[in-house]
Amino acid sequence: MRHGGGRIRWRWQMAAVLSICLVASTGAVLGSEDAVVPASFCRGLFLVPLEVADGVSLEMLVDTGSSWTFIDPGSARRAFGRADYRLTLQTARLAGVDLGPVKARSLPLSELGMAVGRPIDGILGFPAFRRVLLTLDYARRQVRLGAGTLPPGAGMGIVQYEGRQRPHLPTRVAERRLRLLLDSGSTGSFVLPPDDDYRWEVEPRPLAAAVLANGIRLDDVGRLDQELRLGPLVYDRPVARVARREPLAGALAFTGLVLTFDQASRRLRILRDEFGPIRLGPKTGTGVAYRPRADALEVVHVDPGSPADLAGLLPGDLVVAVDERPAVDRGCVEQGLDAGIRRLEVSRAGVRRTVTVENAVLIP
């Protein structure tokens, strides 16, 4: 959700992009030994059933941005009869593939489950896949596990990523060179550090909330008027969040891609079905920035003139239900609250009412 290695030479970039497209067009993916994991795809995130004992499975978020595996204390007590801060999963199987032993920590995850839209038991960090090839297929919404290693060579759509515990790729926006974390546990597209040299097609404005240890911070979101080059990939004027935290590429940036991680060699294969730069779609939403609570979503900001503003939502309101379902288990509709027309049950000063909020294009 949210450490170096070889560097990619930029003169390989266009050749790598072309080769990526050619490999994907021939249908070349991992071999017949791949195990397909029965995953759920929830708002761009992969949730998988991790078997931790005979007949006992935990629903885990696959998170390449996390260097640790975490388990909610309540889930740990149900599975193991205790919730030690540190524990080792001697049994850790996905689709019959043994990942164990996996070192884990205990961490309350009710607020994360609220943000996802359904309860989860834990976060399966990147090092848990150190013995296998991990494929996150965003085109088919599949998680696959394979054996062996990826060969060297950008001509096969394969690049060297940086970092031992988490994967990073060198990135460039205009003349600014960055190092972005590839974070499958983040639902957005890009998080970039502030820089006065960025050019914007749509100026950033507060549209997202970041939950910090000491409170809430609003992050600005806009559309760049520049290319963003992530390793061998070129993004045409993407939507990006500007924030003073670790730069990253999230799940939305991987739409249509097939990513295969080989931790033994720190290689990454990127496949896609199209040529040319990647153009991400508009940012849609209701115009609300939320803070997840244990049993509700707290409104922390309303974009002026947005559907949420027109519906009368105010900071401090608590969304307790969506379309007559509890907010914590509202389901995996694309973009969660930001899809279609939603009926929200809102609590304000202890009084509940139902409001209808429509999805709209916030950033074209």
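The rules behind these values
Residues numbered from 1 in each chain as written. Predicted model: local features only at pLDDT ≥ 70, side-chain atom pairs only at ≥ 80, totals over all residues. Heavy atoms only, no water. Core = buried A, V, L, I, M, F, W, Y, C linked by side-chain atoms within 4.5 Å. Buried < 20%, exposed > 50% of the residue type's maximum accessible area, 1.4 Å probe, protein only. Helix = DSSP H or I, 4+ residues; strand = E, 2+ residues; numbered from the N terminus. Contact = heavy atoms within 4.5 Å. Pairing = 2+ DSSP bridges. Phe/Tyr/Trp six-rings, centres within 6.5 Å; stacked < 30°, edge-to-face > 60°. Lys NZ or Arg CZ within 6 Å of the ring centre and 35° of its normal.

1. So, the nonpolar core
Right, so step 1: With 58 residues, the main nonpolar core has L99, F129, F190 and Y235 as its most contacted residues.
Right, so step 2: Top contributing element to this core by residue count: strand β3 (residues 45-53), with 4 residues.
Right, so step 3: Filtering out sequence-adjacent residues up to four positions away, L99 remains in contact with L50, A92, L94, L124, A128, F129, R130, V132 and L145.
Right, so step 4: Counting 15 residues, the second largest nonpolar core, distinct from the first, contains L297, V302, L313 and L344.

2. Remarks on the pairing of strand β4 (residues 56-63)
Right, so step 1: Burial within β4 is extensive, with 6 of its 8 residues counted as buried.
Right, so step 2: Relative to β4, β3 runs antiparallel, the two sharing 6 bridges. What sits directly across from L47, in β4, is L61.
Right, so step 3: Connecting β3 to the next strand, β4, in antiparallel fashion are 2 residues, including G55 with a positive phi near 75 degrees.

3. Things to note about the packing of aromatic side chains
Right, so step 1: Applying the stated criterion across every chain yields a total of 8 aromatic pairs.
Right, so step 2: With centroids separated by 6.0 Å and ring planes inclined at 90 degrees, the aromatic side chains of Y198 and W200 adopt a geometry described as edge-to-face. Summarising the burial analysis for this pair, Y198 and W200 share the class buried.
Right, so step 3: Ring pairs connect the aromatic residues F41, F46, Y138 and F254, which therefore count as one cluster.
Right, so step 4: When the ring centre of W68 is taken as origin, the NZ or CZ atom of R105, which lies over that ring, is 3.7 Å away.

4. Some details on the environment of A253
Right, so step 1: By secondary structure assignment, the location of A253 is in the loop between β22 (248-249) and β23 (258-262).
Right, so step 2: Along the primary structure A253 and L280 are separated by 27 residues, whereas in three dimensions their C-alpha atoms are 7.5 Å apart.
Right, so step 3: Residue contacts for A253: discarding those within four places in its chain leaves G188, S189, F190, Y235 and L280.

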